[in-house]
Amino acid sequence: MTDLVNGIFSNDSAFGRAMNAVWVTVIASVLFALTTLPVFTIGAGLCGLNYVMIRYRRGELSEKGVVKTFFEGFRNNFRQGTIAGLVLTGLFVLLYLENFWCTEFGGVFLVFRYSLFGIGVVLVCIALELFPAMVTFNGSLRELVYDAVFFAFAKPLRLLGILASLVLPVYVTVANPAYVPLTGFLWVCCLTGIITYVAAALLLPVYAPYLAAHDATDSAQNPAQPQEVTNGH
């Protein structure tokens, strides 16, 4: 009986792995919520969150744990992540204001709302791809934006899966304002982590050939001390 219980609750069992995934998701989500309270750090927070999930999916999380890994990704990508977050936030605010004024003016201006919606969708797709790429590959912010666009449209079905994981909880939240306290609690505790986990699971197979090439080149150049592919900048 003891062996059975130990087997069920072992870290290598299906139950143990599931509980470990829940633990990682909850802790990373709460850390993201806390580090984005100043608002301008939302980009760096997304870097920390994606860094945790990508390393977890690659089996590289156990050495440092969730908290240290999160702040490593947050700190190492702070500059680029903050700039990207501020630029994207500014663009989304601008689109919202443009949509508001088009609605207020009415008439022919209502047609422009469709264009604004399309631009917004493209920006969301780029944002969903940018921060995982930022914590996975080295490069300037411009190069990483190019990478995000490339990965976003190279595998559109995977992109749709990531987009669906974001749109569904957002829709449920917006469509049920009476349950905002509950949905807000879920966003803080797990939803951001779940969305990022889904993104990591879908993107890592796409990244695999490039990561393998990076690992092979890096090992050949410095076999004694190979670098981590997921180092921040």
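Undergrad: Let's hear about the layout of surface pockets: which residues, and what values?
TA: Approximately 1000 Å³ is the volume attributed to the largest pocket. What lines the largest pocket is a set of 30 residues, among which Ile42, Leu46, Leu128, Leu166 and Trp187 lie closest to the centre. Broken down by class, the residue content of the lining of the largest pocket amounts to 24 nonpolar, six polar and no charged. Quantified by volume, the second largest pocket comes out at close to 290 Å³. Lining of the second largest pocket is provided by Phe92, Leu95, Tyr96, Asn99, Arg113, Leu116, Phe117, Gly120, Val121 and Val124. When contributions to the lining of the second largest pocket are tallied by element, the ones reaching two or more residues are α5 (78-105) and α6 (112-134). The dominant element in the lining of the second largest pocket, judged by the number of residues it contributes, is α6, at six residues. When its residues are assigned to classes, the lining of the second largest pocket shows seven nonpolar, two polar and one charged.

Undergrad: I'd love a proper account of the packing of helix α2 (residues 14-35) against helix α3 (residues 42-57), names of residues and values included.
TA: Close contact between α2 and α3 brings their axes to 9 Å; oriented N to C, the two are set at 165 degrees. As the angle between them shows, α2 and α3 are arranged roughly antiparallel. Between α2 and α3 lies a crossing of right-handed hand. Across the interface between the two elements, Arg17, Asn20, Ala21, Val24, Thr25, Ala28, Ser29, Phe32 and Thr35 from α2 touch Ile42, Gly45, Leu46, Leu49, Val52, Met53 and Tyr56 from α3. Considering only residue class, the contact of α2 with α3 consists of 10 nonpolar, five polar and one charged.

Undergrad: Now, about the packing of aromatic side chains: what can you tell me, with residues and values included?
TA: In total, this model carries 12 aromatic pairs according to the counting rule given. Centre to centre, the rings of phenylalanine 70 and phenylalanine 71 are 5.4 Å apart; their planes meet at 80 degrees, and the pair counts as edge-to-face. Overall, phenylalanine 70 belongs to the buried group, its relative accessible area being 0%. Through successive ring pairs, a cluster of aromatic residues spans Phe137, Phe150, Phe151, Tyr207 and Tyr210.

Thresholds, definitions, all that
Residues numbered from 1 in each chain as written. Predicted model: local features only at pLDDT ≥ 70, side-chain atom pairs only at ≥ 80, totals over all residues. Heavy atoms only, no water. 1 Å grid on protein atoms, 1.4 Å probe; cavity = no way out; pocket = protein on both sides within 12 Å on 5 of 7 lines; lining within 4 Å. Points joined across faces, edges and corners; volume = space filled by probe spheres on them. Nonpolar A, V, L, I, M, F, W, Y, C, P; charged D, E, K, R; others polar. Helix = DSSP H or I, 4+ residues; strand = E, 2+ residues; numbered from the N terminus. Axes fitted to C-alpha atoms, helices over the stretch in contact; angles between N-to-C directions. Parallel < 35°, antiparallel > 145°, perpendicular 65-115°, else oblique. Left-handed = near helix turned anticlockwise from the far one by under 90°. Contact = heavy atoms within 4.5 Å. Phe/Tyr/Trp six-rings, centres within 6.5 Å; stacked < 30°, edge-to-face > 60°. Buried < 20%, exposed > 50% of the residue type's maximum accessible area, 1.4 Å probe, protein only.

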